[in-house]
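The primary structure of each chain is shown beneath.
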Amino acid sequence: MSSPEWNNPVIKWVDDRLPVFSMMHHSTAGYPTPRNLSYWWNFGSLALTVLIVMILTGVFLVMNYTPHVDMAFDSVERIMRDVNYGWLIRYVHMNGASMFFIVVYIHIFRGIYYGSYKGPREILWIIGVVIMLLMMGTAFMGYVLPWGQMSLWGATVITNLFSAFPIVGDFIVTLLWGGFAVDNPTLNRFFSLHYLLPFVLVGVVGLHLWALHAVKSNNPLGVEMKAPEDSIPFHPYYTIKDLFGMGVFFMFFFAFVFWAPNYMGHPDNYIPANPMVTPAHIVPEWYFLPFYAILRAITFDILFIPAKLGGVLAMFASILVWMALPWLDRSKVKSARFRPVYKWFFWILFADFVFLGWLGQMPAEQPYVWMAQLATLYYFAHFLVVLPMMAKLEKSVVLPESIAAAVLKKDA
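Structural notes, computed from the coordinates. Because the structure is a prediction, the values reported are computed rather than measured.

Section: the overall build of the chain
Part 1: Helix and strand counts for the chain stand at 16 helices and 2 strands.
Part 2: For 412 residues, the compact-globule estimate of 2.2 N^0.38 gives 22 Å, and the C-alpha radius of gyration of the chain, at 24 Å, lies within 12% of that figure.
Part 3: Seen through its principal axes, the chain has C-alpha atoms that stretch 70 × 60 × 40 Å.
Part 4: Relative to its 412 residues, the chain shows a buried fraction of 49%.
Part 5: Working note: accessible area of the chain is about 21,100 Å², and carbon and sulfur atoms make up 71% of it.
Part 6: Here the chain carries 25 positive and 23 negative side-chain charges, and the mean point of each set is 10 Å from the other.

Regarding the nonpolar core
Part 1: Phe101, Phe291, Trp322, Tyr379 and Phe383 are the most contacted members of the largest nonpolar core, which has 109 residues in total.
Part 2: Tallying contributions element by element places helix α6 (residues 122-144) first for this core, with 14 residues.
Part 3: Not counting residues up to four positions away in its chain, the partners in contact with Tyr379 are Phe291, Ile294, Ser318, Val321, Trp322, Leu349, Asp352, Phe353 and Leu356.
Part 4: Listed in part, the 7 residues of the second largest apolar core include Leu221, Val223, Val333 and Ile403.

Side note on the packing of helix α3 (residues 43-62) against helix α10 (residues 234-259)
Part 1: Where α3 contacts α10, the axes come no closer than 10 Å and their chain directions differ by 55°. Put simply, α3 runs oblique to α10. Seen from above, α3 lies across α10 with right-handed handedness. Facing Ser45, Leu46, Thr49, Val50 and Val53 of α3, the residues of α10 in contact are Asp242, Gly245, Met246, Phe249 and Phe250.

Describing the environment of His25
Part 1: By secondary structure assignment, the location of His25 is in helix α2 (residues 20-27).
Part 2: Since its relative accessible area comes to 27%, His25 is described here as partly exposed.
Part 3: Placed 209 residues apart in sequence, His25 and Phe234 show a C-alpha to C-alpha distance of 10.0 Å.
Part 4: The residues contacting His25, other than those within four sequence positions of it, are Pro4, Trp6, Gly30 and Tyr31.

Details of the pattern of salt bridges
Part 1: For the structure on display, the rule yields 6 salt bridges.
Part 2: A salt bridge links Asp16 to Lys12, with the nearest nitrogen and oxygen atoms 3.3 Å apart. Placement of the pair is Asp16 and Lys12 together in helix α1 (residues 9-17), with a separation of 4 residues, close to one helical turn.
Part 3: You can call Asp16 exposed: its relative accessible area is 51%.
Part 4: Among the residues examined, Lys12 registers a relative accessible area of 35% and is labelled partly exposed.
Part 5: Each of Lys118, Asp329 and Arg339 takes part in salt bridges that share partners, so that together they form one network.

A short note on the side chain of Asn218
Part 1: Take Asn218: it is sitting in the loop between α9 (184-215) and β2 (231-233).
Part 2: Contacts of Asn218, omitting those with residues within four sequence positions, involve Pro34, Leu37, Trp41, Tyr114, Gly115, Ser116, Arg121 and Lys334.

Focus: α9
Part 1: Helix length check: α9 (32 residues) gives 46 Å between terminal C-alpha atoms against 46 Å at 1.5 Å per residue, within 8%.
Part 2: Where α9 ends, the next residue or the one after it, Lys216, has phi of about 70°, a positive value.

So, the packing of aromatic side chains
Part 1: Summed over the entire model, instances satisfying the criterion amount to 43 aromatic pairs.
Part 2: Between the aromatic rings of Tyr31 and Phe234, the centroid separation amounts to 6.4 Å while the plane-to-plane angle is 50°, which identifies the pairing as tilted. Taken together, the residues span a long stretch of sequence, with Tyr31 in the loop between α2 and β1 (32-34) and Phe234 in helix α10 at a distance of 203 residues.
Part 3: Aromatic pair Trp286 and Tyr287: ring centres 5.5 Å apart, planes at 70°, arrangement edge-to-face.
Part 4: Since its relative accessible area comes to 28%, Trp286 is described here as partly exposed.
Part 5: Its end group placed over the ring of Trp41, Arg110 keeps NZ or CZ at 4.3 Å from the ring centre.
Part 6: Between Lys241 and the ring centre of Tyr39, over which it is positioned, the NZ or CZ distance is 4.7 Å.

A short note on unusual backbone geometry
Part 1: With omega at 10°, the peptide bond leading from Gly119 into Pro120 counts as cis.
Part 2: A positive phi angle is found at Lys216, which is not glycine, with a value near 70°.
Part 3: Although it is not a glycine, Leu303 adopts a positive phi angle of roughly 55°.
Part 4: Examined against the element boundaries, Leu303 turns out to sit in the loop between α11 (289-297) and α12 (307-320).

So, how was this worked out
- Residues numbered from 1 in each chain as written.
- Predicted model: local features only at pLDDT ≥ 70, side-chain atom pairs only at ≥ 80, totals over all residues.
- Heavy atoms only, no water.
- Helix = DSSP H or I, 4+ residues; strand = E, 2+ residues; numbered from the N terminus.
- Rg over C-alpha atoms; globule rule 2.2 N^0.38 Å.
- Buried < 20%, exposed > 50% of the residue type's maximum accessible area, 1.4 Å probe, protein only.
- Areas by Shrake-Rupley, 256 points an atom, 1.4 Å probe, with all protein chains shown as cover.
- Lys, Arg positive; Asp, Glu negative; His and termini not counted.
- Charge placed at Lys NZ, Arg CZ, Asp CG, Glu CD.
- Core = buried A, V, L, I, M, F, W, Y, C linked by side-chain atoms within 4.5 Å.
- Contact = heavy atoms within 4.5 Å.
- Axes fitted to C-alpha atoms, helices over the stretch in contact; angles between N-to-C directions.
- Parallel < 35°, antiparallel > 145°, perpendicular 65-115°, else oblique.
- Left-handed = near helix turned anticlockwise from the far one by under 90°.
- Salt bridge = Lys/Arg side-chain N within 4 Å of Asp/Glu carboxyl O.
- Expected span 1.5 Å × (residues − 1).
- Phe/Tyr/Trp six-rings, centres within 6.5 Å; stacked < 30°, edge-to-face > 60°.
- Lys NZ or Arg CZ within 6 Å of the ring centre and 35° of its normal.

Here you go:
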């Protein structure tokens, strides 16, 4: 791709030696995008924006945080009470984690609905799932840092899960703890990794964007761009659309920051960590609850696999199964707009995921246990049974000839 001619001599001088402006041009004005993208495509740029906000606020929080079990809780309280605008930085960071997951979950389910995992976007989709896993690890370690009751006991419960793995389980737990209990070495390790992983995340997001620019964006029709009239430049059309979406999103975001900053948190985390007192009900943050419900749903041995190990494997499999979506869904039609049966199963999956999230916060007792087992059964059946069957049984609606034909016909 040829480089644009720059009129500004300073920009031209810099670009001849370091073509950063040409790269930006090719990524915006020179990047063709489908002309029919809806606001559901805003959530990728929103996720990147929230990631930047999280890194910036995290850097400022670290300047006043002390990663020691005797001082961590008090250092967070000092940030809230004594540091100039520390309360604002912490509330933005704390609620930003929830916003990050809201945006990414919408981004993922949009991709599932419109078939954005299908060829030629398989690697793009797999990298997206890797981003999700990195996010979950980063968020879990970050939740431990305030060193409240839920931080301590959440870390104890989740890290103990690795002990279910035969032979290497106890070694992994000891490695994570840095000893024989969740204590100061654990906090130091989690603090170090929580600071490191966001920068790893930036690198993987860069790969995600690279893969996106290689295969171009999917669109609501699921029809590939075939001619110049199917596309428009990313800038200024979608930059303006993204900026509008960001404005609406940040109104929603800061409504929580200013008026309900602790709504998505747990009150027990404002109690200093005490290894001698176990909370009545240990729950992770809301964005982990669907997978936590799947973990607790396995209360029985599966052949030679004990229940505890089966729950751990089911929890990890519930995320990793997303990576297999390009091969599990063999339908040649991408968008659910043209798949009348699949569309209903998609909404059943979405409702099932929300239901699992609700079950994850309920006590591990009846009737919630068998409800979680049924919801878990459908969750895996959707991916492993329903999707392969849809390709053979479903009769899709006729696709439009091209993006331009569908858009111009609609406008007419």
